[in-house]
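# Structural description and commentary
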Amino acid sequence: MRAIKDAIKSAAFAVCPDIALKVVSIRSRRLIEAQVRALQLDELARRISRITNRAVAKGPFSGMTLDYEALPIHGTPKFLGTYEQELHQCIERAIELSPRSILNVGCAEGYYAVGFARRLPAATVWAADADPKAQRAVSINASLNGVGDRVAAVGAVRSEHLGAYLIPEPSLLFMDCEGAEFTLLDPVRDPILLRTHIIVEVHAEFGSNGDIVSRFESTHRITQIDPAPRHRSDATIDCSEIDILQALDERTDKKSWLFMEAKET
């Protein structure tokens, strides 16, 4: 049954990517919100946000303020600064590359879009998400961090339109879009991708890393990053009254990341 659902979802992305992505994004967010409430992770996130004064505690986006109520998902690891910490090294490398334009596809509440805008004051950031609630949330968090003039929230994007957001160069594409990466990352439709630095979360239920690597292996230096377990020592703030392992848990499933650094920009 799961295989049939995945096949239908993949076909929908190929035929009607805008509609499919909006439906999947809203459904995914609602499922996560329900899961967060069922596990009482929303209350846990609120407790941690009070400890950190609503700021990210560590990592490349340390000090960034987040309004948890704007989009109450995955809050605990974000406030702790351990969210997708496997990516911290390549995020720092991406920042060193000084992209002037950044497109974050699947921006959610703006953790990455706003974080990059804070670290790269000369960059313009486009925060794309098919879910209208996410678009509102990223605008709220951009304003909270004083980067509202450089972070623009937009809806779903098509592969042949990515180039409109990835200029001027050098540019960075940061993508987490629930399987749509296999349709969107198409350098034939949008050749600017061949000169763009890319960080993409790959959802294995919709294709393999090799499907994407083969499109960029001649133009990019490619590193695969796999999920790693969390440990109590990952949290650097005093959470003695909190189940810290529960707070650190991101419930990763069938995903990895690719960091693809363009050889020529």
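This section reports on the structure supplied with the text. Owing to the predicted nature of the structure, the values given are computational and were not obtained by experimental measurement.

The next subject is the side chain of Arg 150. Inspection of the secondary structure assignment puts Arg 150 in the loop between helix H7 (132–144) and strand S3 (151–154). There is no salt bridge for the buried Arg 150, and the closest opposite charge comes from Asp 149, which lies 4.5 Å off by N-O distance. Engagement of the side chain of Arg 150 in a polar contact is seen with the backbone oxygen of Ala 117, the distance being 2.7 Å. In contact with Arg 150, not counting residues within four places along its chain, are Ala 117, Leu 120, Pro 121, Ala 122, Ala 123, Thr 124 and Val 125.

Now for the sheet that holds strand S1 (residues 101–105). One key point about sheets: their strands pair by backbone hydrogen bonds, in either a parallel or an antiparallel sense. Spatial ordering of the open sheet is given by S3-S2-S1-S4-S5-S7-S6, a layout of seven strands whose pairing is mixed. Each having just a single partner strand, S3 and strand S6 (220–225) make up the two edges of the open sheet. Going across the sheet, the axis of each strand differs from the next one's by a mean of 15°, ignoring polarity. Of the strand pairs in this sheet, strand S2 (residues 124–128) and S3 are connected by four bridges, and their pairing is parallel. Following the sheet pairing, Trp 126 is matched in S3 by Ala 152. Packing against the sheet, H7 makes contact with S2 and S3, and its axis sits at approximately 170° to S3. Sheet strands touched by helix H9 (residues 209–216): strand S5 (197–203), S6 and strand S7 (255–262). Its angle to S7, the strand with the most contacts, is close to 5°.

Next up on the list: the pattern of salt bridges. If you walk through the whole model with that rule in mind, you get 15 salt bridges. For Glu 261, the salt bridge identified is with Arg 93, shortest N-O distance 2.7 Å. With Glu 261 in strand S7 and Arg 93 in helix H5 (residues 88–96), this residue pair connects regions lying 168 residues apart in the sequence. Each member of the salt-bridge network shares a partner with another, and the members are Asp 42, Glu 43, Arg 46 and Glu 69.

The end-to-end C-alpha distance of helix H3 (residues 41–52), which contains 12 residues, comes to 16 Å, matching closely the 16 Å that a straight helix rising 1.5 Å per residue would cover. Those residues of H3 that sit buried are Leu 41, Asp 42, Leu 44, Ala 45, Ile 48, Ser 49 and Thr 52. All buried residues of H3 lie within an arc of 155° about the axis, which places them on one face of the element. Taken from the residues just after H3, Asn 53 is the one with a positive phi, measuring 60°.

Glancing now at the packing of aromatic side chains. Per the counting criterion, the structure on display carries 10 aromatic pairs. Ring centres of Tyr 83 and Tyr 111 lie 5.5 Å apart, and the angle between their planes is 85°; this geometry places the pair in the edge-to-face category. Residue Tyr 83 is found in the loop between helix H4 (75–80) and H5, and its partner Tyr 111 is found in helix H6 (residues 111–119); the two are separated by 28 residues along the sequence. Note on Tyr 83: relative accessible area 8%, which makes it buried.

Calculation criteria
Residues numbered from 1 in each chain as written. Predicted model: local features only at pLDDT ≥ 70, side-chain atom pairs only at ≥ 80, totals over all residues. Heavy atoms only, no water. Helix = DSSP H or I, 4+ residues; strand = E, 2+ residues; numbered from the N terminus. Buried < 20%, exposed > 50% of the residue type's maximum accessible area, 1.4 Å probe, protein only. Lys, Arg positive; Asp, Glu negative; His and termini not counted. Salt bridge = Lys/Arg side-chain N within 4 Å of Asp/Glu carboxyl O. Polar contact = N/O pair within 3.5 Å; in protein donor to acceptor, adjacent residues only side chain to side chain. Contact = heavy atoms within 4.5 Å. Pairing = 2+ DSSP bridges. Axes fitted to C-alpha atoms, helices over the stretch in contact; angles between N-to-C directions. Expected span 1.5 Å × (residues − 1). Arc of directions from axis to C-beta. Phe/Tyr/Trp six-rings, centres within 6.5 Å; stacked < 30°, edge-to-face > 60°.

Function-wise, these values are silent; they only describe arrangement.
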